[in-house]
Amino acid sequence: MTRPLIGVLGASGAVGRAAVRELRALGHSGLRLGGRTASALCEVADDHPGGHDETVWADATAPDGLRAFTEGCDIVLNCVGPTYRLRATVALAALDAGAHCVDVAGDDPAAEDLLEAGDPSSDGRTVVLSAGALPGLSSLLPRWLAGQGLDGVTALTAHCGGLEPCSPTVAHDLMLSLSSGGADGAAYGEALAAVRGGRRAPRALRTDENTAHPAFPGRVAVQPYLSGESERLASVLGLDRLDWYNVHPGPAVRALLSLLPGRLAAGEGPDRLAERLILAADLDLAGRKPYYVMDFALSGTAAGASATAGLTLRTASSYRLTAAVGALAVDAVLRGGVPAGVHFACDVLDPDTVVRHLRSHRIADLRTTGTAAEAEQVEEGIL
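Just so it is clear, the model here is predicted, and its values are computed rather than measured.

## Thoughts on the overall build of the chain
Of regular secondary structure, the chain possesses 15 helices and 17 strands. Taken over the C-alpha trace, the chain has a radius of gyration of 20 Å; the compact-globule value for 383 residues is 21 Å, and the two agree within 12%. Over its C-alpha atoms, taken along the principal directions, the chain stretches across nearly 60 × 55 × 45 Å. Taking all 383 residues of the chain together, the buried fraction comes to 55%. Across the chain, contacts joining residues at least 24 apart in sequence account for 73% of those joining residues at least 6 apart. For the chain, the computed accessible surface area is about 16,600 Å², with 51% contributed by carbon and sulfur atoms. Each charge class in the chain can be summarised by its mean position, and for the 32 positive and 45 negative side chains these summaries are 6 Å apart.

Written out as structure tokens, the structure is:
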């Protein structure tokens, strides 16, 4: 039986390198590695000399190069950006080549472009978007937590952030998200907003520049931020209340983030600001170990009484988290576990499978509290 050909675009980047390792760990080999730097691609291929990977020059902004890369692939895993500039460029090229596509980002703008171009399900093709850490895992983990001993859920509080190097793609996407990235041309999310009574409530929360949270070491800044993914999550879980906080442990990054809207409005170049953001992340990280945390606290009912369930994820790299979710989405599509059409990863990936993979491959440390911890103890006793 012929192995499916998986193309990994951006294979030499922070996410792409990790994604190649994750795909190999899932048993996939003979990958097509795409990117703009031949020497870097060869290094990735040399990490697994028996894997029979091929390297192909590819640039997501060059139609001919993208066409040459996608041709012959059964599925393409896109790990390049900036997401809100490329939108559905890679996915549409994959579909034109007769391939499925998984994008570690993509979000609403890509979904809108794809549906405008025509439903790929008519050709039996599948596109999975937002198959990363945030968005992606940020919605999968609360869904998993809601199934751990709770009969119903009413409220969720989330804290996500950490100290990490900032890649050029992340830096540019962060700036682009201020004016794009959401549905219908809106910004990716709304600062200070929350969900109240099941609906978006502007300016419901406030920023705290100097606070403590048990999941994070030292003092941190927390900024309330409600994204489209979070709103969809609230609807899926039937939440009355959702408070979502982006956590910034590094003062240099936080100080620059607060200045970004004004600097962009004043005409400062995005490339220059991206460079400053990358340098600020390096400054915050100096002498410290990188880490990334996702902390979720659910309130609801269990056995007719009020109950809570908590989950804290800790890892050394959110880039590896993104790579793992992207690889799992590729694997699910190839196994026929995702129907044809355009989907967000959180809607089609199995949360139990994702959590088991993160734990068994030691990608992250996941610890539960409340009814979630009790449910896991029961499950371990049964096993």
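Next comes the rest of the account.
## Things to note about the nonpolar core
Leu-137 and Phe-296 are the most contacted members of the largest nonpolar core, which has 99 residues in total. With 11 residues, helix α12 (residues 318-334) is the largest single contributor of residues to this core. Those residues in contact with Phe-296, other than ones at most four positions away along the chain, are Ser-138, Leu-141, Pro-142, Leu-145, Leu-156, Thr-157, Ala-158, Cys-160, Trp-244, Ala-309, Gly-310 and Leu-311. If you look at the next biggest cluster of nonpolar residues, it comprises 13 residues, including Cys-166, Leu-257, Leu-277 and Ala-281.

## A short note on the packing of aromatic side chains
This model, assessed by the stated rule, comprises one aromatic pair. A cation over an aromatic ring shows up here: Arg-232 above the ring of Phe-344, its NZ or CZ 4.3 Å from the ring centre.

## Regarding helix α2 (residues 38-46)
Buried residues of α2: Ala-40, Leu-41, Val-44 and Ala-45, and no others. In a view along the axis of α2, the buried residues occupy a sector of 140°, so they form one face of it. Those residues of α2 that are exposed and angled more than 90 degrees off the buried face are Ala-38 and Asp-46. Residues of α2 that are buried in the fold lie against α1 (14-25), β2 (32-35) and β3 (54-57).

## Considering the sheet that holds strand β6 (residues 126-129)
With respect to topology, seven strands assemble into an open sheet ordered β3-β2-β1-β4-β5-β6-β16, the strand pairing being parallel. Both edges of this open sheet fall to β3 and β16 (341-344), since each of them pairs with a single strand only. On average, each strand axis in the sheet is tilted by 15° relative to the strand beside it, whichever way the strands run. Bridging between β6 and β16 involves four bridges; their strand directions are parallel. Of the residues in β16, the one forming a bridge with Thr-126 is Gly-341.

## Digging into the environment of Ala-58
By the element assignment, Ala-58 lies in the loop between β3 and α3 (63-70). In this structure, the C-alpha to C-alpha distance between Ala-58 and Glu-374, residues 316 residues apart in sequence, is 49 Å. Leaving out residues up to four positions away in the same chain, Ala-58 has contacts with Leu-9, Gly-34, Gly-35, Arg-36, Gly-65 and Phe-69.

## So, the pattern of salt bridges
Following the criterion strictly, the structure yields 19 salt bridges and no others. Of the charged contacts in the structure, one is a salt bridge between Glu-22 and Arg-320, with a shortest N-O distance of 3.0 Å. Of this pair, Glu-22 sits in helix α1 while Arg-320 is found in helix α12, placing the two residues 298 residues apart along the sequence. Judged by relative accessible area, which is 31%, Arg-320 ranks as partly exposed. Between Arg-87 and Asp-113 there is a salt bridge, with the nearest N and O atoms lying 2.8 Å from each other.

## A closer look at empty space enclosed by the protein
Evaluated as defined, the whole model comprises two cavities of 30 Å³ or more. For the second largest cavity, the calculated volume is near 30 Å³. Every residue lining the second largest cavity is listed: Asn-78, Val-80, Thr-83, Leu-86, Arg-87, Asp-103 and Gly-106.

## A closer look at the state of the cysteines
By definition, a disulfide links the sulfur atoms of two cysteine residues through a covalent bond. Enumeration over the complete set of coordinates arrives at zero disulfides. In this structure Cys-73 is a free cysteine whose sulfur lies 10 Å from that of Cys-101, the closest cysteine sulfur available. Summary of cysteine pairing: Cys-166 is not part of a disulfide, and the nearest cysteine sulfur, belonging to Cys-79, is at 17 Å. Judged by its relative accessible area of 13%, Cys-166 is buried.

## A closer look at the side chain of Ser-318
If you trace the backbone, Ser-318 turns up in helix α12. Judged by its relative accessible area of 12%, Ser-318 falls in the buried class.

Here is what the cut-offs are and how they apply
Residues numbered from 1 in each chain as written. Predicted model: local features only at pLDDT ≥ 70, side-chain atom pairs only at ≥ 80, totals over all residues. Heavy atoms only, no water. Helix = DSSP H or I, 4+ residues; strand = E, 2+ residues; numbered from the N terminus. Rg over C-alpha atoms; globule rule 2.2 N^0.38 Å. Buried < 20%, exposed > 50% of the residue type's maximum accessible area, 1.4 Å probe, protein only. Contact = heavy atoms within 4.5 Å. Areas by Shrake-Rupley, 256 points an atom, 1.4 Å probe, with all protein chains shown as cover. Lys, Arg positive; Asp, Glu negative; His and termini not counted. Charge placed at Lys NZ, Arg CZ, Asp CG, Glu CD. Core = buried A, V, L, I, M, F, W, Y, C linked by side-chain atoms within 4.5 Å. Phe/Tyr/Trp six-rings, centres within 6.5 Å; stacked < 30°, edge-to-face > 60°. Lys NZ or Arg CZ within 6 Å of the ring centre and 35° of its normal. Arc of directions from axis to C-beta. Pairing = 2+ DSSP bridges. Axes fitted to C-alpha atoms, helices over the stretch in contact; angles between N-to-C directions. Salt bridge = Lys/Arg side-chain N within 4 Å of Asp/Glu carboxyl O. 1 Å grid on protein atoms, 1.4 Å probe; cavity = no way out; pocket = protein on both sides within 12 Å on 5 of 7 lines; lining within 4 Å. Points joined across faces, edges and corners; volume = space filled by probe spheres on them. Disulfide = S-S within 2.5 Å.

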